[in-house]
Amino acid sequence: MKTRFLFLLSLLVMFSLSGCDEDCATVDCIQEPFRFRVLNAQGENLLDNGTLALSQIAIYTPGAPAATLPLSAYAPLGETYVEAGLSQNTRAYTLAIDGYAPLELSFDLDVRSGDCCTSLTIEEAYLNEAPVLKDSKGERFIILP
């Protein structure tokens, strides 16, 4: 009986996985990270000029600094950006940068769930309720005083 159950279970798993592979092979799942540069008033990238290190930046749910998002540095063409993967269930965060007052960070997200995955794209990002600035290429940046 136990062998028969395991055999039937393995067949069920095999058929369910093979069906999803065919349907899911054409699905493009997007998990857009929040990517931004940190600039001073003169427009200098504070990560590139050594004023800040990635370890001095944190993004977390308000009131929960222990629950920080993992951050990484992204440097296409020599300009360093901070990248954070957002949660599909959280729209409000705190941006903490050593030496500066905490900033409110919030998002309008487009979250779409399907059979194979959930896609998340950022429609708009806000810093202290104002849209996060974008350059001519559409890249986001934050200017610190």
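Refer to the structure presented above.
Residues numbered from 1 in each chain as written. Predicted model: local features only at pLDDT ≥ 70, side-chain atom pairs only at ≥ 80, totals over all residues. Heavy atoms only, no water.

**What to know about the packing of aromatic side chains**
Here is the rule: Aromatic pairs are defined between Phe, Tyr and Trp rings, using the six-membered ring for Trp, whenever the two ring centres lie within 6.5 Å; interplanar angles under 30 degrees are classed as stacked, those over 60 as edge-to-face, and all others as tilted. Only DSSP runs of H or I reaching four residues or more are called helices, and only runs of E reaching two or more are called strands; each is numbered from the N terminus. When accessible area is computed with a 1.4 Å probe and restricted to protein chains, residues below 20% of their type maximum are described as buried, those above 50% as exposed, and intermediate ones as partly exposed. By definition, being over a ring means that NZ of Lys or CZ of Arg is both within 6 Å of the ring centre and within 35 degrees of the ring normal.
Under the definition given, this model contains 4 aromatic pairs. Seen from their ring centres, Phe-34 and Phe-107 are 4.9 Å apart, and the 75° between their planes marks the pair as edge-to-face. Taken together, the residues span a long stretch of sequence, with Phe-34 in strand 1 (residues 34–39) and Phe-107 in strand 6 (residues 103–113) at a distance of 73 residues. Look at Phe-107 and you get buried, because its relative accessible area is 4%. For the pair Tyr-74 and Tyr-81, a centre-to-centre distance of 6.2 Å together with 55° between the ring planes defines the contact as tilted. Members of the aromatic cluster, joined through ring pairs, are Phe-34, Phe-36, Tyr-93 and Phe-107. Directly above the aromatic system of Tyr-74 lies the positively charged group of Arg-35, at a separation of 4.1 Å from the ring centroid.

**Re the sheet that holds strand 4 (residues 81–84)**
We count it as follows: Strands were regarded as paired on the criterion that DSSP finds at least two bridges between them.
With mixed pairing, 5 strands are arranged side by side in an open sheet as 3-4-1-10-9. The open sheet has two edge strands, strand 3 (71–74) and strand 9 (133–134), and neither has a second partner. As judged from the 2 bridges shared by strand 9 and strand 10 (residues 140–143), these two strands associate in the antiparallel manner. Paired with Leu-133 across the two strands is Phe-141, which belongs to strand 10.

**Here's the deal with the pairing of strand 5 (residues 92–97)**
Extensive coverage of strand 5 is indicated by the burial of 5 of its 6 residues. Taken together, the 4 bridges between strand 2 (residues 57–60) and strand 5 define a ladder with antiparallel strand orientation. When the sheet's bridge partners are listed, Ile-59 is paired in strand 5 with Leu-95. Strand direction decides the pairing type here: strand 5 and strand 6, joined by 4 bridges, are antiparallel. Bridge pairing in strand 6 places Leu-95 opposite Leu-103. Remark: 5 residues form the turn of the hairpin made by strand 5 and strand 6, two consecutive strands paired antiparallel; Gly-99 in that turn has positive phi of roughly 90°.

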